[in-house]
Amino acid sequence: MSSPTPDALLGAADVRELAAALGVRPTKQRGQNFVIDANTVRRIVRTAEVRPDDVVVEVGPGLGSLTLALLEAADRVTAVEIDDVLAGALPATVAARMPERADRFALVHSDAMHVTELPGPAPTALVANLPYNVAVPVLLHMLDTFPTIERTLVMVQAEVADRLAAGPGNKVYGVPSVKANWYAGVRRAGAIGRNVFWPAPNVDSGLVSLVRRSEPLKTTASKREVFAVVDAAFAQRRKTLRAALAGWAGSAAAAEAALVAAGVSPQARGEALTVEEFARIAEHKE
C-alpha cells in the first residue's frame, strides 16, 4: 500500500475553500458540522481501530475530512451521502488528494435510512460523524441491515453518546441504550471539543464504540417483539412496568402475568432492566 502524501487530509482552510467553491453552507436541517482538524479525524480512525483489511462504511462524509483519513488506514471505504452537491463533489476530492487510493473508494448517493445494500465487499466497520438529528435511527438501521459490521465508532452529540452507552439504573438509560445493546457491547470512547467543527456546534460531541455481539442474544422472541416491549416500557417511564406494559399486553393483569413469568418484578421500571430481561418479557406475552 503506497503512503498518501502528508497534506492529503483536509485542514480548516481546505474545508472552507472546498465549501466556498461548491457554494456549500452547512445546514442545521441536516445537522451538518464539518470537521476541520486533521488530528481529530486521525484520532477517530485510531480509536475505531481501523485495520488494513477493513471495509469501512461511512455515513454523512460531508466534504471528506474523515473519508480521507479512513482511506489512509482501511482497505476500502464506501461513503453514503444524501446531499446532492456533497455527493457530487466527494469522488473528485478523493481523486485529487489521494489518487493512489481512489479506486478503493465508492460513493452511494442516498439517504442512509433507505440503504439496504452497498457496492463491493461486505462492510466490516462503520465509522461516521453522524448528523445529530438522525444519529440513533441511522445507527440502528445500519447495524440491523449489515450484520457483517463488527466494529462501529460514531461521533454524536455528547448527550446522545451518554444515552447510547448508559447501563440499567442510569438516569439517561432508555430506548437507544437498550436497542443498541441488542446488537453490540456499547461504551463511551472519548469526547470531542466544539472547536474542531465548522460551524462550531453549540453542543459537545462524544465518541461511542460498539462491538457486535459474537453471538446474537439468545431468545425465542423476534427483534420486533422485543423492541415493542422496550418502546412500551419507556413511553411511560415513570410508571411501573405493570402499568406501562398494560397496552402492550392487553391489560395490566396480562402485563403482570408476563412479567412474573419472566422473573421481573411488576413494580420495576423500564430503566432498571437489561435487554435480556426485555427479551424474556417478550417471550411470555400471551
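Residues numbered from 1 in each chain as written. Predicted model: local features only at pLDDT ≥ 70, side-chain atom pairs only at ≥ 80, totals over all residues. Heavy atoms only, no water.

Where an unreviewed UniProt entry is consulted, the protein chain appears under the name Ribosomal RNA small subunit methyltransferase A, with the organism given as Streptomyces pactum. Per UniProt, the comment on the protein chain under Sequence similarities (unreviewed entry) is "Belongs to the class I-like SAM-binding methyltransferase superfamily. rRNA adenine N(6)-methyltransferase family. RsmA subfamily." Within the UniProt record for the protein chain, the comment given under Subcellular location (unreviewed entry) is "Cytoplasm". (UniProt positions renumbered as here; feature names shortened; annotations may be inferred.)

Student: Describe in detail the domain arrangement of the protein chain, supporting the description with residues and values.
Tutor: Domain parsing of the protein chain yields domain 1 (12-212) and domain 2 (223-284). The gap between the C-alpha centroids of domain 1 and domain 2 is 34 Å. Summed over both sides, the interface between domain 1 and domain 2 buries roughly 1100 Å², with carbon and sulfur atoms accounting for 67% of that surface. Between domain 1 and domain 2 we count 2 salt bridges in total. In this structure, Asp231 and Lys179 form a salt bridge, with 2.9 Å as the shortest nitrogen-oxygen distance. On the surface where domain 1 and domain 2 come into contact, there are 5 residue pairs in polar contact (both at pLDDT 80 or more). Sorting elements by how many residues they give to the side of domain 1 that touches domain 2 places helix α7 (residues 175-183) first, with 6 residues. (Domains from an automatic or database assignment. Buried area = accessible area lost by both parts, 1.4 Å probe. Salt bridge = Lys/Arg side-chain N within 4 Å of Asp/Glu carboxyl O. Polar contact = N/O pair within 3.5 Å; in protein donor to acceptor, adjacent residues only side chain to side chain. Helix = DSSP H or I, 4+ residues; strand = E, 2+ residues; numbered from the N terminus.)

Student: Please set out the UniProt feature "domain: Ribosomal RNA adenine methylase transferase N-terminal" (unreviewed entry) in the protein chain residue by residue, giving values where relevant.
Tutor: In the numbering used here, UniProt assigns the "domain: Ribosomal RNA adenine methylase transferase N-terminal" (unreviewed entry) feature to residues 40-214. Counting secondary structure, residues 40-214 comes out at 34% helix and 27% strand; the distance between its end C-alpha atoms is 30 Å.

Student: Please provide a residue-by-residue account of helix α11 (residues 252-262), values included.
Tutor: Inspection of α11 places Ala255, Ala258, Leu259 and Ala262 among the buried residues, and these make up the whole buried set. Buried residues in α11, looked at end-on, bunch into an arc of 100°, giving them a common side. Along α11, the residues that are exposed and aim more than 90 degrees away from the buried face are Ala253 and Val260. Where the residues of α11 are buried, they touch α9 (241-244), α10 (246-249) and α12 (275-283). Directly beyond the C-terminal end of α11, a positive phi value near 80° is found at Gly263. (Buried < 20%, exposed > 50% of the residue type's maximum accessible area, 1.4 Å probe, protein only. Arc of directions from axis to C-beta. Contact = heavy atoms within 4.5 Å.)

Student: I'd love a proper account of the pairing of strand β3 (residues 76-81), names of residues and values included.
Tutor: Counting buried residues along β3, 5 of its 6 residues qualify, which places the element largely inside the surrounding structure. Here strand β2 (residues 55-59) pairs with β3 via 5 bridges, running parallel. Bridge assignment links Val57 to a residue of β3, and that residue is Thr78. With 5 bridges connecting them, β3 and strand β4 (residues 105-109) associate as parallel partners. Residue Ala79 lies in a different strand from β4, and its bridge partner there is Leu107. Taken together, β3, helix α4 (residues 84-97) and β4 constitute a β-α-β crossover, and its handedness is right-handed. (Pairing = 2+ DSSP bridges. Right-handed = clockwise from strand over helix to strand, strands pointing away.)

Student: Talk me through the packing of helix α3 (residues 65-73) against α4; I want residue IDs and the actual numbers.
Tutor: At a closest axis distance of 11 Å, the pairing of α3 and α4 adopts a crossing angle of 50°. Classified by the angle their axes make, α3 and α4 are oblique. α3 and α4 meet at a crossing whose hand is right-handed. Here Thr67, Leu68 and Leu71 of α3 come into contact with α4, specifically with Leu90, Val94 and Arg97. Split into classes, the residues belonging to the contact of α3 with α4 amount to 4 nonpolar, 1 polar and 1 charged. (Axes fitted to C-alpha atoms, helices over the stretch in contact; angles between N-to-C directions. Parallel < 35°, antiparallel > 145°, perpendicular 65-115°, else oblique. Left-handed = near helix turned anticlockwise from the far one by under 90°. Nonpolar A, V, L, I, M, F, W, Y, C, P; charged D, E, K, R; others polar.)

Student: Could you give an account of the nonpolar core, with specific residues and numbers?
Tutor: If you look at soluble globular proteins, the nonpolar side chains tend to sit buried side by side. If you look at the biggest cluster of nonpolar residues, it comprises 59 residues, and the most contacted ones within it are Leu130, Leu210, Val226, Leu245, Phe278 and Ile281. Here this core spans two domains, since at least three of its residues come from each of domain 1 (12-212) and domain 2 (223-284). In this structure, Ile281 is in contact with Val229, Leu245, Trp248, Ala258, Leu259, Ala262, Val264 and Leu273, ignoring residues within four places of it in sequence. With 40 residues, the next largest nonpolar core counts Val45, Val56, Leu68 and Leu153 among its residues. (Core = buried A, V, L, I, M, F, W, Y, C linked by side-chain atoms within 4.5 Å.)

Student: Could you give an account of the sheet that holds strand β5 (residues 125-129), with specific residues and numbers?
Tutor: Taken together, 7 strands build an open sheet; the order of strands is β4-β3-β2-β5-β6-β9-β7 and the sheet is mixed. Every other strand in the sheet has two partners, leaving β4 and β7 (184-192) as the edge strands with one partner each. The sheet shows a mean angle of 20° between the axes of neighbouring strands, direction not considered. This element, helix α2 (residues 38-47), spans β5, β6 (151-157), β7 and β9 (205-212) of the sheet and lies at about 155° to β7.

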